[in-house]
Amino acid sequence: MRLRSIKTSWVMTTKELLRNRVALVLLIVIPTLFYVLIVLTTTDRIIAFKLASISETTLFEVSEQKESLVFIGLAAAGLIASFLALNFIQKHADVDRRLVLCGYRPSDLIVAKLAVLLCVTIFIGCYVAVMMLLFFVPQHFVLVVLGFTLGGYVYGCYGLLVGTIFKRELEGILCIVLLANIDAGWLQNPVYYLEAQNKMIIRFLPAYFPSQTSMVSAFTNHSTLNPLIGSLVYGSVLLLAALSIYWRRMKIKR
Amino acid sequence: MALNSQGRTILEVTHVAKSYGRQIVLKDVTFQIRSAEIVGIVGENGSGKSTLLKIIMGLLAPTAGEVTVRGSIGYCPQELQIFETLTVSENFYYFAEAYSQHQTIGYDKLKEVKESLLVRFRFQQYENTLAALLSEGTKRKLNLSIALLHSPDIFILDEPYSGFDWETYLHFWEYTKELRSQGKSILIVSHLVYDSSKIDKLFELTGGVLKCV
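Notes on the structure follow.

Cut-off values and rules
- Residues numbered from 1 in each chain as written.
- Chains lettered and ligands numbered in written order.
- Predicted model: local features only at pLDDT ≥ 70, side-chain atom pairs only at ≥ 80, totals over all residues.
- Heavy atoms only, no water.
- Patch = residues over 30% accessible without salt bridge, like charges linked within 9 Å, V, L, I, M, F, W, Y side chains within 5 Å.
- Areas by Shrake-Rupley, 256 points an atom, 1.4 Å probe, with all protein chains shown as cover.
- Salt bridge = Lys/Arg side-chain N within 4 Å of Asp/Glu carboxyl O.
- Helix = DSSP H or I, 4+ residues; strand = E, 2+ residues; numbered from the N terminus.
- Buried < 20%, exposed > 50% of the residue type's maximum accessible area, 1.4 Å probe, protein only.
- Contact = heavy atoms within 4.5 Å.
- Buried area = accessible area lost by both parts, 1.4 Å probe.
- Polar contact = N/O pair within 3.5 Å; in protein donor to acceptor, adjacent residues only side chain to side chain.
- Phe/Tyr/Trp six-rings, centres within 6.5 Å; stacked < 30°, edge-to-face > 60°.
- Pairing = 2+ DSSP bridges.
- Axes fitted to C-alpha atoms, helices over the stretch in contact; angles between N-to-C directions.

### Some points on a nonpolar patch on the surface
All names here are of chain A. A surface patch of nonpolar side chains, amounting to about 700 Å² of accessible area, comprises Val 22, Val 25, Leu 26, Ile 28, Val 29, Leu 33, Leu 37 and Phe 123. The element best represented in the nonpolar patch is helix α2 (residues 21-41), accounting for seven residues. Given the relative accessible area of 46%, Leu 37 is considered partly exposed.

### Digging into the interface of chain B and chain A
Facing 33 residues of chain B, the contacting portion of chain A comprises 29 residues. Taken together, both faces of the contact between chain B and chain A bury some 2,700 Å²; the carbon and sulfur share is 59%. At the surface where chain B touches chain A, the tally comes to three salt bridges. In this structure, Arg 19 of chain A engages Glu 90 of chain B in a salt bridge whose closest nitrogen and oxygen atoms are separated by 2.7 Å. Linking chain B with chain A are twelve residue pairs in polar contact (both at pLDDT 80 or more).

### Thoughts on unusual backbone geometry
With the exception of glycine, the majority of residues adopt a negative phi angle, and the majority of peptide bonds are in the trans configuration. All names here are of chain B. One non-glycine residue, His 15, lies in the positive phi region at around 50°. Inspection of the secondary structure puts His 15 in strand β1 (residues 9-20). Its identity is not glycine, yet Glu 159 carries a phi of approximately 45°, on the positive side. Looking at the element boundaries, Glu 159 is found in the loop between β6 (154-158) and α5 (166-181). Since its relative accessible area comes to 7%, Glu 159 is described here as buried.

### Re the environment of Glu 67 of chain A
Residues and elements named next belong to chain A. When you line up the elements, Glu 67 lands in helix α3 (residues 64-90). When the C-alpha atoms of Glu 67 and Ala 48 are compared, they prove to be 9.9 Å apart, with 19 residues separating the residues in sequence. Residues in contact with Glu 67, not counting those within four places in the same chain, are Ile 47, Phe 49, Val 62, Asn 189, Pro 190, Val 191, Met 215 and Phe 219.

### Re the packing of aromatic side chains
All names here are of chain B. Evaluated as defined, the whole model comprises 19 aromatic pairs over all chains. Both rings, one in Phe 92 and one in Phe 123, keep their centres 6.5 Å apart while their planes meet at 40°; by these two values the pair is tilted. Taken together, the residues span a long stretch of sequence, with Phe 92 in helix α2 (residues 88-99) and Phe 123 in the loop between α3 (107-120) and α4 (136-148) at a distance of 31 residues. Owing to a relative accessible area of 2%, Phe 92 belongs among the buried residues under this scheme. For Phe 123, a relative accessible area of 0% puts it in the buried group.

### A closer look at the sheet that holds strand β2 (residues 23-34) of chain B
Residue and element names in this part refer to chain B. Read across the open sheet, the three strands follow the order β2-β1-β4; overall the sheet is antiparallel. Only two strands of the sheet have a single partner each, and these edge strands are β2 and β4 (64-69). Adjacent strand axes in the sheet meet at a mean angle of 15°, parallel and antiparallel pairs treated alike.

Okay, structure coming up:
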């Protein structure tokens, strides 16, 4: 019975997503646009940067364009996943609550939404990474895909948390844009990190671990185990916080 | 008024109060609804109707008092609570899945009721149309039909006929009459009840206080 209700909710959520043509187009257009801007605004000059998860002293030298492509790929994956998560949790909050009043288990609804979100996050991670192959081949492509997917996971969970806290779209969008711009779109760039003050703050931001996973696997042969685990733990903490608020909001008080 | 006092109590609201800080919204609200009874609650905007309904539905916790429901509820909210990017049929299917979680009603029965509701409220031609593309009135019919889908013991309807044309309004009352004859109870909450003769008990909510009219 539970599997059937999860499946029904998964099918309906997927149908809703596929019928949102504008969102689907943006899903394809945003990473493309980000990559085009990087290609048009960067050169192949060699730049030096540090990767915090490896060493605070070792400098890596790669092409500015390649470094920027990995950086912006992660930002695109994170941004898209967080907006989709926000939409999933916030758009139909009232109708979902009606479903719960009618008998649906909140856990079944959220499991179905998470399953759809996971599928979309994996798709975005793969799509953004495959598109990067048009410009250069990273040293460990599969791990770069994983890094992008984890970026989507962490920011997707952040989007869920924001969506459960705020009832209105505007506040949610502002929270996502603000953090994603500062974190994934600026502070996690290893070039900035090289000269940054208070580096500890940067290490506590959501995109830190996924960013390290992608950068380390794209340009070095070092292990990505720590940033991989860090990404999973960070995302899961956000997810648990989101689920606890969702649970309280969906609970029938009778 | 045809009051049926023989039936069992389906809904019991006892000394319910609700306040937000110093703002008192409901004061000691007590009433009962028995089976085969149609009860109306009227009140102006801001009188506390929606708060009372939310407490009855379990969407809000009361500050004091309690609500006891003996049976299944069909709830039609005032706001449209339907999936706009799903078709009429998919909306029915999704809610049928919800109803089937805790009740013995099977899919075949739900499908049969769905067909009859589509015909009764005259929107069967939109069965495969996205809800977003429906007129406001047809969306209201869907909103109401979802509450009626699982043949519950009590229907709680918040401004159920706003947006209806005259013919649908008449069909609505005809349907409530049928439901009542089947032993179902109906609670209609509205800012105005035009046909008080069709209602067994009518209450007025003013300033958070419920009075029998």
